[in-house]
Amino acid sequence: MRLLLLSFLSCFFLTTASAQDGYRIEVEIDGYNEQELYLGEHFGQKQYLKDTAYVNDDGRFVFSGEEPLPGGVYLVVMAPDNNYFQLLITEDEQRFRLKTEAANPSLTSEFENAPDNTLFYEYMRFLEKKKPEADELSKAMETATGKEKEKLQAKREKLDAEVSKYQTELISQHPNTLTAAIIQANLPLTPPEYEGSEEEVQRKRWMYTRQHYFDNIDLGDPRMLRTPFLFQRIDYYVNKLQIQHPDTLAVAIDEVLAQLKPAEESFQYYLIHFLNEYARSKIVGMDAVYVHLVNEYYAKGLAPWTEEEQLEKIIDNAKALEPLLIGKTAPDIRLETRDGKPVNLHDVDAKYTVLYFWRYDCGHCKKSSPDMKAFYDEFKDKGVELVAVCAKFTDEIKGCWDYVDENEIGDWMHLVDTYHRSRYMKVYDIKSTPQLYILDKDKKILSKKIGAEQLGEVMQRIMEMDEQKAAEAESSNQGK
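The notes below deal with the structure included here. (Residues numbered from 1 in each chain as written. Predicted model: local features only at pLDDT ≥ 70, side-chain atom pairs only at ≥ 80, totals over all residues. Heavy atoms only, no water.)

Turning our attention to the pairing of strand β3 (residues 46-54). Across eight bridges, strand β2 (residues 36-43) lies against β3 in antiparallel orientation. Counted as the bridge partner of glutamate 36 is tyrosine 54 from β3. A loop of two residues connects β2 with β3, the two strands running antiparallel in sequence, and glycine 44 in this loop sits at a positive phi of about 65 degrees. (Pairing = 2+ DSSP bridges. Helix = DSSP H or I, 4+ residues; strand = E, 2+ residues; numbered from the N terminus.)

This part covers helix α4 (residues 146-173). In this model α4 runs 41 Å from its N-terminal to its C-terminal C-alpha over 28 residues, within 8% of the 40 Å that 1.5 Å per residue would give. For α4, the set of buried residues is Leu152, Leu159, Asp160, Val163, Ser164, Gln167, Leu170 and Ile171. (Expected span 1.5 Å × (residues − 1). Buried < 20%, exposed > 50% of the residue type's maximum accessible area, 1.4 Å probe, protein only.)

An order of β4-β1-β7-β8 is seen for the four strands of this open sheet, with the pairing classed as mixed. Both outer strands of the open sheet, β4 (61-65) and β8 (110-112), are each paired with one neighbouring strand and no more. Strand after strand, the sheet turns through a mean of 15 degrees between neighbouring axes, direction not considered. Pairing analysis gives five bridges linking strand β1 (residues 23-30) to β4, with the strands arranged antiparallel. Note that in β4 the partner of tyrosine 23 across the bridge is glycine 65. (Axes fitted to C-alpha atoms, helices over the stretch in contact; angles between N-to-C directions.)

Within the open sheet, the five strands sit side by side as β13-β12-β11-β14-β15. Their pairing is mixed. Edge positions in the sheet fall to β13 (413-415) and β15 (445-448), since each of these pairs with one other strand and no more. Taken pair by pair, the neighbouring strands of this sheet meet at an average axis angle of 20 degrees, ignoring direction. One ladder, built from five bridges, connects strand β11 (residues 352-358) with strand β14 (residues 435-439); its direction is antiparallel. The residue of β14 that forms the bridge with phenylalanine 357 is glutamine 435. Across the sheet, helix α12 (residues 363-379) touches β11, β12 (384-390) and β14, and the angle it forms with β12 is around 155 degrees. (Contact = heavy atoms within 4.5 Å.)

What follows deals with the packing of helix α8 (residues 246-260) against helix α9 (residues 264-280). Orientation of α8 relative to α9, taken along the N-to-C sense of each, is 160 degrees, at an axis distance of 9 Å. When the interaxial angle is binned, α8 and α9 end up roughly antiparallel. In this structure, α8 meets α9 at a crossing whose hand is right-handed. Residues Leu249, Ile253, Leu257 and Leu260 of α8 form the contact with α9, whose own contacting residues are Ser266, Phe267, Tyr270, Leu271, Phe274 and Tyr278. The residue makeup of the contact of α8 with α9, split by class, is nine nonpolar, one polar and no charged. (Parallel < 35°, antiparallel > 145°, perpendicular 65-115°, else oblique. Left-handed = near helix turned anticlockwise from the far one by under 90°. Nonpolar A, V, L, I, M, F, W, Y, C, P; charged D, E, K, R; others polar.)

A separate point is the state of the cysteines. This structure, assessed with the given rule, holds one disulfide. Sulfur-sulfur distance for the disulfide between cysteine 390 and cysteine 400 comes to 2.0 Å. Taking the sign of the S-S torsion, -70 degrees for the link of cysteine 390 and cysteine 400, the bridge is left-handed. Here cysteine 390 is found in strand β12, whereas its partner cysteine 400 is found in helix α13 (residues 398-406), with 10 residues between them in sequence. The same class applies to cysteine 390 as to cysteine 400, namely buried. (Disulfide = S-S within 2.5 Å.)

Written out as structure tokens, the structure reads:
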């Protein structure tokens, strides 16, 4: 029900500029006996305190400042339990008075010199009035059957229509208000009626939702940054509505950022958010999104807020990661065997090559050794070659061979680079060990940076996918 979908109105924030000099908000709360009152705001996905007011001799709290507040819906937070109610700050409503009751602010708040706040609370009261009826209908429909259920359904549709009419008229009659913008932004999407199988209908509805998801929200409106719903909506669009593949996600994020661009603060917030999210991601392959964001925005001067030193680090990091993205050909490195025979990675003749960087004094590497041994025993006769590179140099290399002998893991290919001439630590961006890469016969990266305990499962899945592709290709050729 639209009524229930709009229950979000219990907390909001929006922002805009103000032409007035500073702000002054007087608040009087009957039944509130504390000495302090707080003003808070949403910013992205978090909430922050903006101001603190102390009770004066008239029993009022006055929030004031020389600079105007960013427009939006702020939280007035009451001590000691952090109960709160909301009020609107707009370009024209920076200086006003509010009187309410601590027990029920939503029904008792009265404003002076704040028409948008008055409109907002009228709408809140309308919803409060309709909510008991909606709850009663929902509860009755849980057990109703037959004609009784049809009657209840008709009543619910009538209630939905009444709420929808109120919303539509409010938006039409007060198009420039913050209240209208909030309601408009949260109107539900109504996909067309599709025909076909259940699977086809679901796919078409999903595609429609993706294409029209932001129809009712102006992402270029800077006020949207300080709402509790915008972050959730953008996060859902990127992480739920999109196929979770780096290329698809990069396109979706580009679309969001393009719409956010007119709102400079919003653009900055979400570009930083996405960069950090994919920098921290533990999901294999998602570093491609990070590299995309750096190349398309930071390297092109579209993040001017970034300090020069930090910008250089971000760009350098992306340059180090780019050659190692899934689908890229793994960089060739020249190594050597125990007896000094040179071996180039690209010369290893195998359907699959597992490249394993390790150290004998690395605790995680020691824990990985039994898993690596079990993996090799299972896959050595299935076209898989295991190339283990001990990340030690000069006189420390002796410890590599001692560890191999002591742990009886000499069955697979063990290599070193005594003087680090190949610079593989930098080439493969090895900041810690162990590090694992799975390569195909052409040495293209299929997977990487997985745990040794996952290696067998991932390798099996890759082989099955390749077998399926081969079977499909053969079937296609026979059909011709």
